Structures are given as C-alpha cells and as structure tokens.
Amino acid sequence: MTAADVAIVGGGLMGAATAFFLRRRGLSVVLLERDLVGSHASGTNFGNVRRQGRFLPQLPLANLSREIWGRLPDLIGDDAEFLPSGHIRVAFREADAARLEAYAREARPHGLELELVSGNALRMRFPFLSPEARMASYSPHDGHANPRLAAPAFARAARREGAIVHENAEVLSITKSAEDFLVETSIGRFRAPLLQVSAGAWGGRLAAAFGEPVPITPHGPQMAVTEPVRYRIEPVMGIASEVVEEGVYLRQVKRGNIVFGGGVRSEASLDTKRARLDPLNTLRQLPQVARLLPAMRALSVIRSWSGVEGYMRDDIPVMGPSAKVAGLFYAFGFCGHGFQLGPGVGATMAELIATGGTGVPIEPFHISRFATAEGNTR
Amino acid sequence: MTGLLHRVGETGRSAVRIVVDGAEVAALEGDTLLVALLTAGARLRESEFGDGPRAGFCLMGACQDCWVWTEEGGRLRACSTPVASGMRVVTRGAPWPRP
Amino acid sequence: MAAPVVVVGAGPAGIRAAERLVEAGLCPVLVEEGARDGGQIYRRQPPGFTRGPEALYGSEAAKATALHAAAEALRPRLDWRPETLVWAVRDGALLVHSAGRGESLPYAALILATGATDRVMPLPGWTLPGVASLGGAQIALKAQACTIGARPVFLGTGPLLYLVAWQYVKAGAAVQAVLDTSPFASRVAALPWMMARPALVARGAAYTMALRRAGVRIATGVTPIAVEGEDRVAALRWRDAAGRDCRTDCDAVGLGYGLRSETQLADLARCDFAFDAGARQWLPVTDEDGRASVQGVYLAGDGAQVRGADAAELAGRLAACAALRDLGVAVDEAEMVHLRRRLMPMTRFRRGLERAFPWPAHLAAALPDEALVCRCEAITAGELRRAGGEYGAPEVNRAKAFSRTGMGRCQGRMCGPAAAEILAAARGMPIEAAGRLRGAAPVKPLPVLTEAAP
C-alpha cells in the first residue's frame, strides 16, 4: 500500500499538471493513469492555446493558464512546442462579425484584449485569408502547442519533483474510510486523504460512484493534418460560425504541416476507449478549410485521428471540490476546450487542494450545478 | 551532370517536352514524371527538413518521397504521374503559398 | 440494390478473386490504384512500349500473359475501377478517391489483395538520390525500361536481390556488387523448407551462377555501413563476413530485405493482427481460406502473408470461394480443398525463405544515432531512441507521438519495421513488445481539393 497526501486518478494534462503543482507546494502525490499519460483527449486534441471565444467567466483561468504556457521551459523544462503566434477567429457573415464585435467588447473587462480587423486592413494583415472573409478577431498572445508532448512533459516534471507517476494503472475501486480514500488499482493499492478525479470523459463514472452523477457524453474530435510546406501561416485560425459544419480551425506547425479539425464530432466509446474518426467528416472539412485558407487547396491530407473527449451538457467543465465528499476534488469534462486551460487548471487545483481557496474564480464549474432532479436524470 | 536513371530500351517513343526549373527537358511519351526528371537530372525535390535533395525511393506509389511541385503550386506524385507535354515543375524551392 | 463484393488490388490475388466471383455470376467491383491490372509483379508497361512478355517477365512470362488475359476477359463482366485510391474504410463501405472526386463504396464482402512493398532497414545515406528500393529498381526496368544507375550495387537479402541484379546485368548495367546480409549457412539450413518448391531453389541458384559468370562480385554475411555521396550516390561502404571494411564505388544502390505486407486497409477495417515470429511482422489474422477476424472481410496474396505470386493467384481464388460461401453461394468443397492443398508447399517455402534470408534485425541496434530512420519527417535513430529512453515510450505508437517517426506521408510504410526494431533494441525488449504502428486514414495522401460525391 502506497500512501500520499493526494491521489490523482487520471493522468491527462489536468492530472499531470495538478501533480506537478502539488509537488511545488510540497504535498506528496501519486498520479494514477489507466493507459499512458496524455494518451486520450489531452494528446489527440487540436493543440489550441486559445482564449478568445471562451465562456467569459472562464477567462481569468484561461489568462492564468496562458501566463503559465509562456513559462513552461522554466517550469517543466519543456516548451511543448508552444508558439504564441496569435489566434484569429474569422467571420464570413455579417451576423458572425457582429458576434465577434460583441465578444471583443465583453472580453475586455475579463482581461482579454482583442483586435477587430476588417476591410483592407484584413487583406494587409492576413493576406492568406480568403477574400470572402469579412472580419477577423485577433488575439495576439494566443497560439498553439503540441498536445502529444504537453501532458507527458508535465508528468516527467512532476516525477522529477518527487511525484509517483504510474501508467497502466487502472482504478478498480475507490472507497472512503474515515480519513483516507483507498484506491484499488490493477497494479496495487494506494491511500490518500485527498483525491482528485481528472479522468476526462471517464470522470462522470467516478463522480457517479460518489453519488454525484453528471450529464457527460463522450465524443471524438475530427483531426487531420496536411503534408509539410514552408512555415508561412503564423496565427491559429478558425471560422466563427453558428453552422456546425463551418466551424473548422487550423494551425501551421513550425515544421510546416497544417493541422485542422472542427465541424461535426464523431461518437466515442468509454468501453473500447476509442473514438473513431469518421472519414466523411474529413471530406466535409476540406471545403471549409480551403475556404478559410485558399492556399491549402494545393495540399494533401496525410493523416487523421480522433480521441475520447468528455462533453458536459452545458459545455463547461466540472472543476472544484465535491459537493458531497470531503477531500474529493474534480477536474474533468473539459468539452474539447481543455488543452489551453490545462496548466492553469493544474495550478488552480493544486492551490485549491493545498489551501482550500483559489486565486481565480472557478465557482461556475462546480459540480453542484447538476445537483438537481433534472440534472440527475440526465 | 548526368541523370540518375539510364534508359536501356524503348527509346523509339515520341518525344515530349516539359519544363524543369525553367529549362526545357526532353522526355518520351509513356515516361512517368519521375523518369522524365531523373533521366535528365538527379533530384526531384528538397527535403522539407533541410537534409538535402530527394529522388524518390520505392518507385511504386508507396513511399510518397517523390511528390514534386508544379510551377503553378500544384502537387504531383512523380512515380505515378505520366509525363505530359507542357508540364512545368520545380525541383528547388516549393512555390507555397502562391502569392 | 444489394452492395457488391469489392476486391481491392488488381494483382495476381485480386484478379483471381474477381474471376472466381464472376464465375459464380456476381458482378464485383475491382478497385486498383494503378492505371492497369497486373500488380507490381506482373506490372504492365505503358501503351507504346514494345518489349515482349519474355523480356519483361522472363521465366514468368506465361503466367503474366495468362493473368493479363484473364483480367481483360473479366473487364466487361465487372465494375473495373482503375486509378482509384481506397483511402479509408467506414462501416461496411470504402471511401475511394479518383480523379479528384471522393465517393463511398459500400460492400457486401471485401477482399483485400493489397500486395506488399520492400522491407527496408535504413543505413546512413539511404535518402540520397540514387538509392531505390529493390522492388523499385525492378519496376524502373520493367515498367519504364530504365535502370536506377549505370553502376549499381544491390544490397539487402532475399531472392529478389539476385533476380534484380541478374535482370540488370542482362539490361547492360555494370552491376558492381551483390551484397547479402544473410550468411550463406542460413541458406543451407533452410533447405528442408525451401525444397518444398525445388524448381524455385534451382532457379535461385541459377541466377547466382549467372551473376558469378558475368563477373559480378557476390558477398554474403555482409554488414552495411553507409551510402556515401554529396548530392547523389557515389559509393557504398560495407563490411565483409570476415570483418574487413570495404568501399564499392557505384552510382546507385538497390536496397531491400524481403517484403512487407500492405496491411493498412485491413487495419482500418478493424481486423485483428497477430505477431508472426517467422516473418517478424504483425499480420492480419486469417483462417486458412483468408477470412479475417471481421465478418465479411477477406485477405489474399502478399497483403496477407508474403508467399509470392503463384500463391497469390491461389489464395485470391480461395478467398473468393470463402466469401461466396459466406454469402450463401454454393461452392464445391473439393475446389477449396484442392486450393488449400496447393498452397501448403508455398507456405512451407515461405518459412524457408524467412530462414534463408532473415530480416537483419541486428542491424537496428548498430544504426548510428545520426542516421535518418523516417524519410518523410527526417527523424533520426537518435530521436527515436530518445523517445523510447528519456521519454519512456514503451511501444511504437507512443514513440511516434513523441518523435514523429512514422507520422509522415507514407504512414510508416518505409520506416515502420525498422523503427520497431530500433525501439525494441534501445529498450532491451522483444520485438513483439514494440507493437505495430496503427493505421490511419488516409492510407495515401488525399488532396484537399477532393470533391465529395453527393
């Protein structure tokens, strides 16, 4: 039996970052990952380090996270290929442009400055954009990073700081005694007075086992990447649209490939642990990405993938203390927008677990919002 | 400089002219673009990652190492594309993105 | 209308499978990525070329001609789809791409006859212009009447090494050397299996003798060191069986260590795979008739297991029989028994080839850190080892995620087998523990401009 101050169930970006920051605060940590660290949603997402467009009350957390992204080399000895190359949301319709304007106005008090660019200025600033584009909302300090690297880099750093990190450790049961959580896993038993559930799409099952069911559904993002070409497209870009199929986004990595995704999501299975990419969705994405970035028309797609993400009914995560069980904390169900938040979630959860409070507000994400009859029936 | 590939027969086919890096090159009808380029020269493209020239490898559509750029910024897999009169390709400097 | 039976690949296995389906009164779809039928082994030269079958296919001319004739006879009786790439598989349908259009092609049964490509062990300099796969060297000659160089070296192992070298000699190339990594002793030890097909053993020996008579240097038990040259091949450095360093001037290198099955589509169709210790490869699991683990999916030819063209013709027909039977069409058991029986010595011979010309797994550990492993992404052996070491990747997909090995245009076709060996050697684990690269759509690059059919 291994004992620690905190046991973390789920070694995605949230769990790995929490483990790292808990060690920085001096707590002993055991991180239990069923598969490999960051191999599901954390490792298969688009890699957006984007703040604009988020649920406004989430911006303080996103701002904190953005600040940590910039310090990754100092903090964890790895930049996870973070590139603060800017992010633009592009509107093709008047109504979408109006929404960008409204968002920019509303985001400012939350500490996010966005620049709206249209007309000739748009052609000058972003000459690679489609001539049909009406307006771009530019967030100069956002960018992108490599999702395959981020969570494992946090886990390695956590380990260097003294955390115990176990991969291929499937949790079989969790029980709560008077003082401790007892975690039975496929590789042994662990005991800790504090427990964090950061099990992504699988978080709902664990929360339900603690009497806190939540409406969560797994889906798979539809990701693909082109062959490499000269690095010319700095900002991450996405189409701002209410039409689901149009909602594609893309980024060029420094090595040259253009990663894209968005539109319709595929089904995913918690039992097989796989989300199958639907190749028809790739076909649906192609005209949209070519519309956004016409130079892509020359290129070929060389790979596609998906992963299991957990989506809450209200499209915002579950984060904070349990409403029912003392010593239990949640950080899961990030609805496909958790990658940017990861480092900030780790820092904030560690702060919450270590001190009982947080510097940035996280109340909107509390699990109690589902604690109604309606929520319990899903 | 001599070409990489050497013709050892079937030379009675009619000539096809293509333009490679701005210079006219003579090929034969029925050539793949790869053969047209590599009987005249010794490269198809630059590696995107700075490790030098490439000239394909598998010659049968599997390795994907022979994608060349047309002057217009299009992509052709040289080993499986028949040469056609008037093709204009570049083996140095990818024309992407188009201005 | 019910979905058709779809055959992918118009080589020996695919053509014979389609032929058997047509005999049963079906109208199958035959999808082929290339422009013409024949596969790589019996690949046809383009229109306008004049060499006869003897010149193109040598001892196999009659078989090639018969297969081409069979394919032509079938043409009006099936749905022939040349120049069509199957790029993904989805719930009982293939996603195909042809002439800029994407289409979904539902199937009642799917027979995959996707063939094989060269299995390659990298060496420093193998991306230099002038280095081609052994199969590629043969295709250049067969389909384009070109040699890969005037003074080539052939390096690798397997019967194809000697056959291609001899074909080059006949074509007038000054072959500088045939360098085989397998020791001669392993060929002797493999004889009990190889003698399952004595005619092939005799033919292999004849090529070797002919090469010697032509004055070509043949060395067995060699260790490749590096291909040298500035912007193209200038020489090959290697070590002979006695440990002496050698340098052979040349202008081209044909490189190949046997074949590896093209299994991406089987993977995308969610077929189970198992590690085949003899081949040292992960292969789709099939029963002896070619049924995969997924109902309605069948595998035949070198794409299922590398047994060569003769076996592919039989296995294609057998897989079609199995598919027909599973679809409720009566098939005479005697026909299937006969096909299975004829395949047995070919399976035994394959096991002999694996022993006689083993994949040189031991070279992986010695590959220098600076050597490129993944051609597409230009990833070195050192980067791959770091993924397995410092980053702790326990198998190839994780190593790919960290290092990008196998992540490029070819999806790991070229580097996959070697990458697994390098990772296994670096981590001191058995090769089967290194796993296999999972397939992903598109199987080959898909143009962004692909227009979806309505």
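Residues numbered from 1 in each chain as written. Chains lettered and ligands numbered in written order. Predicted model: local features only at pLDDT ≥ 70, side-chain atom pairs only at ≥ 80, totals over all residues.

- Going by what an unreviewed UniProt entry lists, chain C is known as NAD(P)/FAD-dependent oxidoreductase and is assigned to Neoroseomonas eburnea.

- As recorded in an unreviewed UniProt entry, chain A goes by FAD-binding oxidoreductase and comes from Neoroseomonas eburnea.

1. Topic: the overall build of chain A
Thought 1: The helix and strand tally for chain A stands at 11 helices and 24 strands.
Thought 2: Rg of the C-alpha trace for chain A: 20 Å, near the compact-globule value of 21 Å for 378 residues, within the 12% margin.
Thought 3: Dimensions of chain A along its principal axes, counting C-alpha atoms only, are 65 × 45 × 40 Å.
Thought 4: Relative to its full complement of 378 residues, chain A shows a buried share of 58%. (Helix = DSSP H or I, 4+ residues; strand = E, 2+ residues; numbered from the N terminus. Rg over C-alpha atoms; globule rule 2.2 N^0.38 Å. Buried ≥ 20, exposed ≤ 12 C-beta atoms within 10 Å, placed from the backbone.)

2. Here we look at the UniProt feature "domain: FAD dependent oxidoreductase" (unreviewed entry) in chain A
Thought 1: Per the UniProt annotation, the sites labelled "domain: FAD dependent oxidoreductase" (unreviewed entry) are residues 5-352 of chain A.
Thought 2: What you have in residues 5-352 of chain A is 28% helix and 28% strand, and the ends, taken at the C-alpha atoms, are 14 Å apart. (UniProt positions renumbered as here; feature names shortened; annotations may be inferred.)

3. A closer look at the sheet that holds strand β4 (residues 85-90) of chain C
Thought 1: An order of β4-β5-β6-β25 (chain C) is seen for the four strands of this open sheet, with the pairing classed as mixed. Of all strands in the sheet, those with a lone pairing partner are β4 and β25 (451-452) of chain C, marking the two edges.
Thought 2: Pairing of strand β5 (residues 93-98) of chain C with strand β6 (residues 101-106) of chain C involves six bridges; the strand directions are antiparallel. By the bridge assignment, S98 of chain C is partnered in β6 of chain C with R101 of chain C.
Thought 3: Sitting on the sheet, helix α9 (residues 279-292) of chain A touches β4, β5, β6 and β25 of chain C, and the angle it makes with β4 of chain C is about 120°. (Pairing = 2+ DSSP bridges. Contact = placed C-beta atoms within 7 Å. Axes fitted to C-alpha atoms, helices over the stretch in contact; angles between N-to-C directions.)

4. Things to note about the interface of chain C and chain B
Thought 1: Counting from both sides, the interface comprises 41 residues of chain C and, opposite them, 33 residues of chain B.
Thought 2: The set of elements that each furnish at least two residues to the side of chain C that touches chain B consists of β8 (116-118), β9 (131-133), α4 (134-144) and β10 (146-147) of chain C.
Thought 3: No other element matches α4 of chain C, which puts five residues into the side of chain C that touches chain B.
Thought 4: Taken together, the residues of the side of chain C that touches chain B sort by class into 19 nonpolar, 13 polar and nine charged. (Nonpolar A, V, L, I, M, F, W, Y, C, P; charged D, E, K, R; others polar.)

5. Points about the domain arrangement of chain C
All names here are of chain C.
Thought 1: The domains assigned to chain C are domain 1 (5-117 + 260-329), domain 2 (120-257) and domain 3 (362-434).
Thought 2: The distance between the C-alpha centroids of domain 1 and domain 3 comes to 30 Å.
Thought 3: Counting from both sides, the interface comprises six residues of domain 1 and, opposite them, five residues of domain 3.
Thought 4: Taken together, the residues of the side of domain 1 that touches domain 3 sort by class into one nonpolar, three polar and two charged. (Domains from an automatic or database assignment.)

6. Observations concerning the UniProt feature "domain: BFD-like [2Fe-2S]-binding" (unreviewed entry) in chain C
Thought 1: Mapped onto this numbering, the UniProt entry annotates "domain: BFD-like [2Fe-2S]-binding" (unreviewed entry) at residues 372-424 of chain C.
Thought 2: With 47% helix and 9% strand, residues 372-424 of chain C has end C-alpha atoms that lie 17 Å from one another.

7. A closer look at the nonpolar core
Thought 1: F154 of chain A together with I111 and Y298 of chain C are the most contacted members of the largest nonpolar core, which totals 306 residues.
Thought 2: The contact partners of F154 of chain A, leaving out residues within four places of it in the chain, are L13, A16, A17, F20, I76 and G346 of chain A.
Thought 3: In terms of nonpolar packing, the next biggest core, distinct from the first, is built from seven residues, A190, F349, L353 and F357 of chain C among them. (Core = buried A, V, L, I, M, F, W, Y, C linked by C-beta atoms within 7 Å.)

8. Let's talk about the interface of chain B and chain A
Many authors give the size of an interface as the accessible area that is lost as the parts come together.
Thought 1: Facing the eight residues of chain B at the interface are 10 residues of chain A.
Thought 2: Here the side of chain B that touches chain A is composed, by residue class, of three nonpolar, two polar and three charged.

9. Describing unusual backbone geometry
Thought 1: Omega for the bond connecting W96 of chain B with P97 of chain B falls within 30 degrees of zero, at -5°, which places this linkage in the cis form.
Thought 2: Inspection of the secondary structure puts P97 of chain B in the segment after β8 (88-90).
Thought 3: The omega torsion of the bond from A441 of chain C to P442 of chain C falls at -5°, within 30 degrees of zero and hence cis.
Thought 4: Within the secondary structure, P442 of chain C is located in the loop between α15 (416-427) and β24 (446-447).
Thought 5: Of note in the backbone geometry, R280 of chain C takes a positive phi value of approximately 55° without being a glycine.
Thought 6: Structurally, R280 of chain C can be placed in the loop between β19 (273-276) and β20 (281-284).
Thought 7: Judged by the 19 C-beta atoms lying within 10 Å of it, R280 of chain C falls in the partly exposed class.

10. With respect to the UniProt feature "domain: FAD/NAD(P)-binding" (unreviewed entry) in chain C
Thought 1: The UniProt feature table records "domain: FAD/NAD(P)-binding" (unreviewed entry) at residues 5-307 of chain C.
Thought 2: Secondary structure content for residues 5-307 of chain C is 28% helix and 29% strand, and the end C-alpha separation is 24 Å.

11. Regarding the pairing of strand β15 (residues 223-226) of chain A
Residues and elements named next belong to chain A.
Thought 1: The alternating pattern of β15 places M223 and V225 on one face and A224 and T226 on the opposite face, and all of these are buried.
Thought 2: By the bridge criterion, two bridges tie β15 to strand β18 (residues 258-262) in an arrangement that is antiparallel. Within β18, the position partnered with V225 by the bridge is V259.

12. Notes on helix α5 (residues 159-170) of chain C
Thought 1: With 12 residues, α5 of chain C extends 17 Å from end C-alpha to end C-alpha; this agrees with the ideal 16 Å at 1.5 Å per step.
Thought 2: Where α5 of chain C is buried, its residues touch α4, β10, β11 (152-157), β12 (177-180), α8 (198-213) and β17 (252-257) of chain C. (Expected span 1.5 Å × (residues − 1).)

13. Concerning the domain arrangement of chain A
Residues and elements named next belong to chain A.
Thought 1: Considered domain by domain, chain A is made up of domain 1 (2-47 + 147-216 + 312-377) and domain 2 (87-140 + 222-306).
Thought 2: Taken together, the contacts link five residues of domain 1 with nine residues of domain 2.
Thought 3: Classifying every residue of the side of domain 1 that touches domain 2 gives three nonpolar, two polar and no charged.

14. Quick word on the packing of helix α10 (residues 309-326) of chain C against helix α11 (residues 333-356) of chain C
Two numbers describe a pair of packed helices, the interaxial angle and the distance between the axes.
Residue and element names in this part refer to chain C.
Thought 1: Between α10 and α11, whose axes approach to 10 Å, the crossing angle comes to 150°. By the criterion of interaxial angle, the relationship of α10 to α11 is roughly antiparallel. Where α10 crosses over α11, the two elements pack in a sense that is left-handed. Facing D310, A311, L314, A315, R317, L318 and C321 of α10, the residues of α11 in contact are E335, M336, L339, R340, R342, L343 and M346.
Thought 2: Here the residues of the contact of α10 with α11 sort into nine nonpolar, no polar and five charged. (Parallel < 35°, antiparallel > 145°, perpendicular 65-115°, else oblique. Left-handed = near helix turned anticlockwise from the far one by under 90°.)

15. A word on α8 of chain C
Side chains three or four residues apart in an α-helix point the same way, a direct result of the helix having 3.6 residues per turn.
Thought 1: Between its first and last C-alpha, α8 of chain C extends 22 Å over 16 residues, near the 22 Å set by a 1.5 Å rise per residue.
Thought 2: A positive backbone phi angle near 85° is found at G215 of chain C, which sits one or two residues after α8 of chain C.

16. Side note on the pairing of strand β15 (residues 235-239) of chain C
All names here are of chain C.
Thought 1: Going residue by residue along β15, you find L236 and W238 tucked away on one face and A235, R237 and R239 left uncovered on the opposite face.
Thought 2: Here strand β14 (residues 223-228) pairs with β15 via five bridges, running antiparallel. Among the inter-strand pairings, P224 is bridged to a residue of β15, identified as W238.
Thought 3: The hairpin turn running from β14 into β15, its antiparallel successor, is six residues long, and G229 in that turn takes a positive phi close to 150°.

17. Observations concerning the confidence of the model for chain C
Thought 1: Overall, the predicted model of chain C reaches an average pLDDT of 97, with 100% of residues at or above 70.
Thought 2: In the predicted assembly, ipTM is 0.97 and pTM is 0.97. (pLDDT = per-residue confidence, 0-100.)

18. Examining the environment of G428 of chain C
All names here are of chain C.
Thought 1: Examined against the element boundaries, G428 turns out to sit in the loop between α15 and β24.
Thought 2: Residue G428 is classed as exposed on the basis of its C-beta count, with 9 C-beta atoms lying within 10 Å.
Thought 3: For G428 and A319, which are 109 residues apart along the polypeptide, the C-alpha to C-alpha distance reads 39 Å.

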